[in-house]
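# Topology and contacts: notes
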Amino acid sequence: MTETLFDVERIRKDFPILSRELPGGRPLVYLDSGNSSQKPLQVVNAMRDHLEHHYSNVGRALHVLGSESTEAYEGARDKVAAFIGAPSRDEVVFTKNASEALNLVAYAFGNPLAEDERFRVRPGDEILISEMEHHSNIVPWQLVAQRTGATLRWFPVTDEGRLDLSGLTELVNERTKIVSIVHQSNVLGTVNPVAEVLARARQVGAVMMLDASQSVPHRPVDVAALGVDFVAFTGHKMVGPSGIGVLWGRREVLEAMPPFLGGGEMIEAVWMDHSTYAPIPHKFEAGTPPIVEAVGLGAAVDYLTSVGMDDIRRHEHELTEYGLAALAEVPGLRVLGPKTAEGRGGTLSFTLPEVHPHDVGQILDDAFGIAVRVGHHCARPLHLRFGIPASTRASMYLYNTTDEIDALVRGLHHVQKVFG
Amino acid sequence: MTETLFDVERIRKDFPILSRELPGGRPLVYLDSGNSSQKPLQVVNAMRDHLEHHYSNVGRALHVLGSESTEAYEGARDKVAAFIGAPSRDEVVFTKNASEALNLVAYAFGNPLAEDERFRVRPGDEILISEMEHHSNIVPWQLVAQRTGATLRWFPVTDEGRLDLSGLTELVNERTKIVSIVHQSNVLGTVNPVAEVLARARQVGAVMMLDASQSVPHRPVDVAALGVDFVAFTGHKMVGPSGIGVLWGRREVLEAMPPFLGGGEMIEAVWMDHSTYAPIPHKFEAGTPPIVEAVGLGAAVDYLTSVGMDDIRRHEHELTEYGLAALAEVPGLRVLGPKTAEGRGGTLSFTLPEVHPHDVGQILDDAFGIAVRVGHHCARPLHLRFGIPASTRASMYLYNTTDEIDALVRGLHHVQKVFG
Amino acid sequence: MIAESLYQELILEHYKHPQGRGLREPYDAEVHHVNPTCGDEVTMRVRLGDGGKVLDVSYDGQGCSISQAAASVLHELATGSTVGDSLAVVDEFTRLMQGRGQVEPDEDVLGDAVAFAGVAKYPARVKCALLAWMAFKDAVARSSA
Amino acid sequence: MIAESLYQELILEHYKHPQGRGLREPYDAEVHHVNPTCGDEVTMRVRLGDGGKVLDVSYDGQGCSISQAAASVLHELATGSTVGDSLAVVDEFTRLMQGRGQVEPDEDVLGDAVAFAGVAKYPARVKCALLAWMAFKDAVARSSA
Ligand SMILES: Cc1ncc(COP(=O)(O)O)c(C=O)c1O
Ligand SMILES: Cc1ncc(COP(=O)(O)O)c(C=O)c1O
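Residues numbered from 1 in each chain as written. Chains lettered and ligands numbered in written order. Predicted model: local features only at pLDDT ≥ 70, side-chain atom pairs only at ≥ 80, totals over all residues. Heavy atoms only, no water.

Here the focus is the site of ligand 1. In the region of ligand 1, 16 residues are neighbours, and T288(A), S99(B), D211(B), T234(B) and K237(B) sit closest. At ligand 1, the nearby residues belong to more than one chain, namely chains A and B. A distance of 2.6 Å is found between an oxygen atom of ligand 1 and a side-chain nitrogen or oxygen belonging to S99(B). Within the side chain of Q214(B), a nitrogen or oxygen atom sits 2.7 Å from an oxygen atom of ligand 1. Its free accessible area being 390 Å², ligand 1 has 100% of it covered by the protein chains. (Near = heavy atom within 4 Å. Polar contact = N/O pair within 3.5 Å; in protein donor to acceptor, adjacent residues only side chain to side chain. Areas by Shrake-Rupley, 256 points an atom, 1.4 Å probe, with all protein chains shown as cover.)

Right under this line is the structure:
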């Protein structure tokens with residue numbers, strides 16, 4: 001067992017799936033929260049209660065159920081806004097996932113309907129990302145570049161898995177329209193230095209976005225303190241439901257953007273030949289939103305807050321220290337990313353000599369019920385950078401224990417025996 | 001009570017919310033299913049069970065939970081495909097709602113990345129919709145027209161609320177790139193004649209899309225028999241959860257389209273400077289999909305199938321006949337759309353002389369717990385066409401009864417007394 | 001019935017017999033406000049005199065009983081009052097409407113407008129009640145500018 | 001342990017000691033197949049002789065034990081066989097792999113390849129097992145064309 005104050009056993013009781021027995025009598029050791037987290041009963045019950053007693057469409061309905069659903073939906077927005085320190089609730093846009101949030105912003109760039117100079121893109125203009133991005137923060141920008149003739153550039157990654165900022169002043173230059181980088185890497189665990197990059201982006205007038213899919217669930221994130229223009233994250237990685245993500249954007253910047261999806265609820269008034277649009281956040285929420293999912297996300301935020309984001313970070317930090325030390329004992333095992341727990345989260349990706357990650361994952365699962373992720377974790381370019389096709393990733397969350405790390409290490413020894 | 005075979009009382013027991021008591025001891029009379037439908041326990045329980053016992057991310061995970069979730073998610077696709085008679089399961093794309101499905105297709109047109117001539121749009125090219133569309137099938141096309149310089153045109157609506165096809169040959173012409181119309185109007189109830197429009201679209205080589213948000217929930221829909229290129233609908237109107245919609249498209253057409261949202265899961269391989277894309281349907285499903293919502297939608301489809309779509313249609317047809325006759329007794333009440341139940345669904349929109357719809361809806365709700373929708377129902381141009389700012393809409397589904405229609409009529413009499 | 005808390009007799013009276021309705025000359029400023037989500041609209045004219053006196057508030061519009069009655073009540077309260085006093089009433093009315101039913105109205109300030117207290121419990125209707133009042137505030141600002 | 005149904009001794013043997021690995025000359029066709037989702041890849045050459053005889057199947061690649069062992073087993077089964085017979089084995093192997101664990105394998109046709117039966121229960125791994133076999137089918141088609 002780990003530490004003193006953080007009662008991980010009590011937390012585990014909130015997550016019914018963690019005590020599930022897998023076929024063959026295996027206990028579940030869930031080390032795949034970087035992929036998607038499990039959900040506490042508080043979230044599941046909030047969703048069920050809403051569906052059974054309060055559900056209807058939001059915004060448009062005057063009746064009792066309509067008001068209850070609207071209050072629950074907009075109440076979830078208040079909760080999310082408070083959770084990330086948003087200066088205004090109107091700056092919180094609900095999307096279907098982090099990927100949609102990233103695409104929503106990407107589609108503003110080079111959009112013929114963009115009136116604000118910051119979103120106009122001409123051939124030769126530049127978009128800057130990094131080599132450690134998730135595909136969801138790469139492909140949208142490739143598509144913008146292909147649509148507009150802009151040039152996609154990227155920060156390299158150092159051998160120890162940090163952002164290589166040595167070329168900062170050249171990479172962020174007068175042609176740069178947007179810098180979009182990951183806050184915490186989903187492979188390396190690396191937490192990136194935002195302030196330094198932002199300062200340079202501000203110098204050249206570029207917009208800056210953070211993919212915070214892996215930071216918001218795991219550490220206190222204050223968007224105002226970060227000072228960037230956009231932050232994207234996703235419900236299912238923060239003990240919330242699937243089907244909902246969040247784009248936070250500074251009011252002024254969101255207001256300067258053209259609409260993205262058109263349809264019901266994002267309009268002010270519609271004529272056959274033109275329309276005017278609703279104020280933010282609704283301008284970016286076309287159609288019936290993920291109502292029950294927002295209710296679930298609101299409950300997730302309440303849950304995380306009640307446990308305490310500082311405590312969650314501390315717990316994961318301890319697990320990371322423990323895990324890095326434990327993995328170091330496995331012969332030949334090579335950890336990707338920082339070798340110490342400083343400036344990194346609880347995402348432990350690694351390779352084993354002579355054993356393909358698919359085989360590692362399969363045996364861990366089959367023999368011990370240990371769920372890890374294997375492959376490139378939607379970060380293929382980063383794997384190419386390290387010269388490997390794939391890796392095995394154990395990723396931790398508030399409900400994980402040092403016992404589970406011990407089980408992982410035992411499992412890896414077994415893998416080596418099988419392939420020895 | 002209505003008819004003989006259809007056991008509406010048994011059905012109502014499946015929907016816990018229908019027996020809820022509203023504040024002040026009012027029973028709930030839910031006549032707002034056109035806005036969003038209620039959910040049976042079968043759907044709520046399927047979602048809860050998945051969250052409590054099987055949840056994880058899909059596609060990417062090799063472990064037990066990953067396989068279970070992937071099977072459940074892809075199994076839902078099989079169910080939806082079978083439900084709408086899709087020639088192939090790969091033609092079923094999960095979106096967040098019908099609006100996203102419509103926008104997904106709209107963004108293919110005039111997209112600089114579109115290689116197929118059908119999706120190239122030049123100034124002067126035409127996009128054809130109708131005056132009875134939901135905003136979600138208007139605004140996306142206005143945006144395409146504004147981005148590309150194409151001209152947006154529309155079928156007018158006749159006084160009795162039918163599509164006016166008198167100008168068909170001129171409206172659908174060699175410049176027409178796409179015809180996108182509603183299958184069943186969410187205001188008028190009108191079911192539109194697809195074959196006639198499609199035949200003309202085929203003559204000129206235009207693509208054709210149906211907004212089936214209001215037909216798929218209420219009558220058997222066979223996309224292959226319809227013969228169009230795209231069909232969009234939405235989970236929350238068909239006893240399924242919020243947060244999920246469906247785009248069905250003919251394989252060949254979907255394959256010819258450029259990708260829409262970029263990110264994880266929609267790729268085949270990613271390098272920093274370019275990517276290749278996954279085959280359909282995954283090409284259009286960027287990021288973590290609405291997993292639990294798909295499970296819920298699968299359960300919804302099972303539920304509707306077990307009741308029988310033909311029986312549901314028949315039940316609603318009877319309610320429509322009953323409702324049209326009952327409303328005709330309210331002094332001065334004017335029904336929008338067809339005055340008989342032929343070729344129309346159970347959506348009864350109307351105006352009362354001298355009483356604003358907001359007041360109608362408010363009193364129905366306050367005094368009797370009757371939930372109807374008031375306003376323009378996201379079809380403002382259609383209301384402008386009829387010279388009214390708003391209307392009151394009672395919309396019915398499988399769980400509604402003639403008793404509820406009687407309650408509505410009593411409520412309307414009361415409204416008239418208050419404002420008399 | 002709950003409805004009674006919203007549809008006070010006084011509101012229905014004003015709706016059925018609106019006071020001071022119709023656009024009149026002369027005026028210092030005219031504004032047109034719309035609630036796009038429900039189509040309610042109001043055109044509002046104000047005529048100011050010496051010492052910040054409100055000489056006339058004339059209006060026309062269409063909408064639900066709440067929005068129309070609110071315009072009528074506003075006309076009664078503001079006409080003959082001063083800019084300062086009438087804006088104080090607008091502020092108190094706004095506070096009441098946005099109070100989600102939690103605000104205790106100041107009857108001395110509000111007069112007849114207190115009949116709208118029940119509206120505050122219906123977030124969707126608050127905009128209806130405020131439409132004419134916001135238009136008035138806007139028109140006064142323009143006249144004085 | 002369940003793992004044993006997937007990681008048969010024979011599969012591990014072939015993985016650790018692959019048969020016929022390495023690209024050889026001469027050949028009639030070479031193909032390169034990739035499983036982009038996991039990065040597994042194989043380069044496959046076939047050399048055909050008179051009477052549809054498969055003279056050599058040579059290959060190189062990288063990937064998990066399943067994909068590598070499958071290539072090795074394929075080499076053993078196909079080399080020295082005929083195009084007709086080897087394609088029959090490919091078909092039976094494909095049927096087994098896509099059978100979701102419900103298909104009874106025909107041992108007479110499959111020989112050693114029957115050791116992969118357990119893979120069919122793991123949809124995510126079926127592609128690994130099939131990679132080399134699909135490449136072989138492709139290469140044969142191109143040689144004969
Ligand atoms: C005809 C029609 N089309 C489109 C939509 C939009 O569906 P959604 O809100 O799920 O995007 C609706 C419902 O709101 C509708 O009735
Ligand atoms: C760093 C990062 N960015 C973006 C995403 C995409 O999130 P989603 O799949 O919810 O769109 C993920 C997770 O998959 C991630 O880890």
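Having seen it, we continue.
In this section: the side chain of K39(A). Of note, K39(A) is situated in the loop between β3 (29-30) and α2 (41-54). Among buried Asp, Glu, Lys and Arg side chains, K39(A) stands out as unpaired, with E293(B) the closest opposite charge at 9.2 Å. Here the side chain of K39(A) touches S37(A) through a polar contact of 2.7 Å, landing on its backbone oxygen. At 2.8 Å, the side chain of K39(A) forms a polar contact with the backbone oxygen of G240(A). Apart from the residues lying within four places of it in its own chain, the contact partners of K39(A) are D14(A), F15(A), P16(A), V44(A), H236(A), V239(A), G240(A), P241(A), L51(B) and Y55(B). (Helix = DSSP H or I, 4+ residues; strand = E, 2+ residues; numbered from the N terminus. Buried < 20%, exposed > 50% of the residue type's maximum accessible area, 1.4 Å probe, protein only. Lys, Arg positive; Asp, Glu negative; His and termini not counted. Salt bridge = Lys/Arg side-chain N within 4 Å of Asp/Glu carboxyl O. Contact = heavy atoms within 4.5 Å.)

Ranked by size, the top nonpolar core spans 164 residues in total, and within it F155(A), L398(A), F155(B) and L398(B) carry the most contacts. Ignoring sequence-local partners within four residues, the contact set of L398(B) consists of F6(B), V8(B), I11(B), F15(B), V239(B), Y303(B), V307(B), I312(B), H315(B) and E316(B). (Core = buried A, V, L, I, M, F, W, Y, C linked by side-chain atoms within 4.5 Å.)

Below, the discussion takes up the pairing of strand β6 (residues 151-155) of chain B. All names here are of chain B. Relative to β6, strand β5 (residues 126-130) runs parallel, the two sharing five bridges. Bridge assignment links I127 to a residue of β6, and that residue is L152. Since β5 and β6 lie parallel, the crossover through helix α5 (residues 139-148) that links them has a hand, and here it is right-handed. (Pairing = 2+ DSSP bridges. Right-handed = clockwise from strand over helix to strand, strands pointing away.)

Quick look at the interface of chain A and chain B now. The interface is formed by 97 residues belonging to chain A together with 97 residues belonging to chain B. Between chain A and chain B lies a buried interface of about 8000 Å² when both sides are counted; carbon and sulfur atoms form 61% of it. Between the two partners, chain A and chain B, sit four salt bridges. In this structure, E68(B) and R20(A) form a salt bridge, with 2.6 Å as the shortest nitrogen-oxygen distance. Scanning the region where chain A abuts chain B turns up 46 residue pairs in polar contact (both at pLDDT 80 or more). With eight residues, the single largest contributor to the side of chain A that touches chain B is α2(A). (Buried area = accessible area lost by both parts, 1.4 Å probe.)

Now for the packing of aromatic side chains. The full count for this structure, using the stated rule, is 26 aromatic pairs over all chains. Between Y107(A) and F260(B), the aromatic rings sit 5.7 Å apart at their centres with planes inclined by 45°, giving tilted as the arrangement. Of this pair, Y107(A) sits in the loop between α4 (98-106) and β5 (126-130) while F260(B) sits in the loop between α9 (251-256) and β11 (267-270), placing the two residues on different chains. Classification of Y107(A) as buried rests on a relative accessible area of 6%. These aromatic residues form a ring-pair network of at least three members: F15(A), Y303(A), Y397(A) and Y399(A). (Phe/Tyr/Trp six-rings, centres within 6.5 Å; stacked < 30°, edge-to-face > 60°.)

Turning our attention to the relation of the copies chain A and chain B. For these two chains of identical sequence, chain A goes onto chain B by a turn of 180° and a shift of 0.0 Å along the axis, with RMSD 0.0 Å. The transformation relating the two chain copies, once decomposed into turn and shift, fits a two-fold axis. In terms of proximity to the rotation axis, the leading residue of chain A is G243(A), whose C-alpha is 2.8 Å off the axis. Taken together, the interface assignments show that 100% of the residues at the interface of chain A recur at the interface of chain B, consistent with an identical surface on both copies. (Least-squares fit on C-alpha atoms with pLDDT ≥ 70 in both.)

With that out of the way, let us pick up the site of ligand 2. Close to ligand 2 lie 16 residues, the nearest being S99(A), D211(A), T234(A), K237(A) and T288(B). Each of chains A and B places residues near ligand 2. Note that a nitrogen atom of ligand 2 is positioned 2.5 Å from one of the side-chain N or O atoms of D211(A). Interatomic distance of 2.7 Å between a side-chain N/O atom of Q214(A) and an oxygen atom of ligand 2.

Attention now moves to the sheet that holds strand β2 (residues 40-48) of chain C. Residues and elements named next belong to chain C. The three strands lie next to each other as β1-β2-β3, forming an open sheet whose pairing is antiparallel. What marks the edges here is a single partner per strand, and that holds for β1 (29-35) and β3 (54-62). Along the sheet, successive strands turn relative to each other by an average axial angle of 15°, direction set aside. Across eight bridges, the pairing between β2 and β3 is antiparallel. When the bridges of β3 are listed, E41 appears paired with Q62. Along the sheet, helix α3 (residues 65-78) makes contact with β2 and β3, crossing β3 at roughly 170°. (Axes fitted to C-alpha atoms, helices over the stretch in contact; angles between N-to-C directions.)

If you walk through the whole model with that rule in mind, you get 70 salt bridges over all chains. Between R89(B) and D90(B) there is a salt bridge, and its shortest N-O distance comes to 3.7 Å. Looking at R89(B), the relative accessible area reads 27%, which means it is partly exposed. As a salt-bridge pair, R45(D) and E30(D) come within 2.6 Å of each other at their nearest N and O atoms. Of this pair, R45(D) sits in strand β2 (residues 40-48) while E30(D) sits in strand β1 (residues 29-35); the two residues are 15 residues apart in sequence, bridging distant segments of the chain. With a relative accessible area of 35%, E30(D) lands in the partly exposed category.

How two helices pack is summed up by the angle between their axes together with the distance between the axes. Residues and elements named next belong to chain B. Contact pair helix α3 (residues 64-83) / helix α10 (residues 291-307): the axes reach a minimum separation of 8 Å and the direction vectors enclose 35°. In this structure, α3 crosses over α10, and the sense of that crossing is left-handed. In this structure, α3 uses A72, Y73, A76, K79, V80 and F83 to contact α10, whose residues at the interface are I291, A294, V295, L297, G298, V301, D302, L304 and T305. Its residues placed into classes, the contact of α3 with α10 shows 11 nonpolar, two polar and two charged. (Left-handed = near helix turned anticlockwise from the far one by under 90°. Nonpolar A, V, L, I, M, F, W, Y, C, P; charged D, E, K, R; others polar.)

The structure contains five pairs of chains in contact, of which chains A and B account for the largest number of contacts. Looking at chain C next to chain D, you find no contact at all, with the nearest C-alpha pair sitting 47 Å apart.

The next thing to look at is helix α2 (residues 9-16) of chain C. Of the residues making up α2(C), those classed as buried are I11(C), L12(C), H14(C) and Y15(C). With its buried residues spanning 160° around the axis, α2(C) presents them on a single face. (Arc of directions from axis to C-beta.)

At the interface, 18 residues of chain B touch 20 residues of chain C. Looking only at chain B, the three residues that lose the most surface to chain C are H358(B), Q362(B) and D366(B), adding up to 33% of its buried area. Across the chain B-chain C interface, the total number found is one salt bridge. A salt bridge links R125(C) to D359(B); the nearest nitrogen and oxygen atoms lie 3.1 Å apart.

With that settled, consider the environment of I291(A). Within the secondary structure layout, I291(A) lies in helix α10 (residues 291-307). Placed 151 residues apart in sequence, I291(A) and P140(A) show a C-alpha to C-alpha distance of 26 Å.

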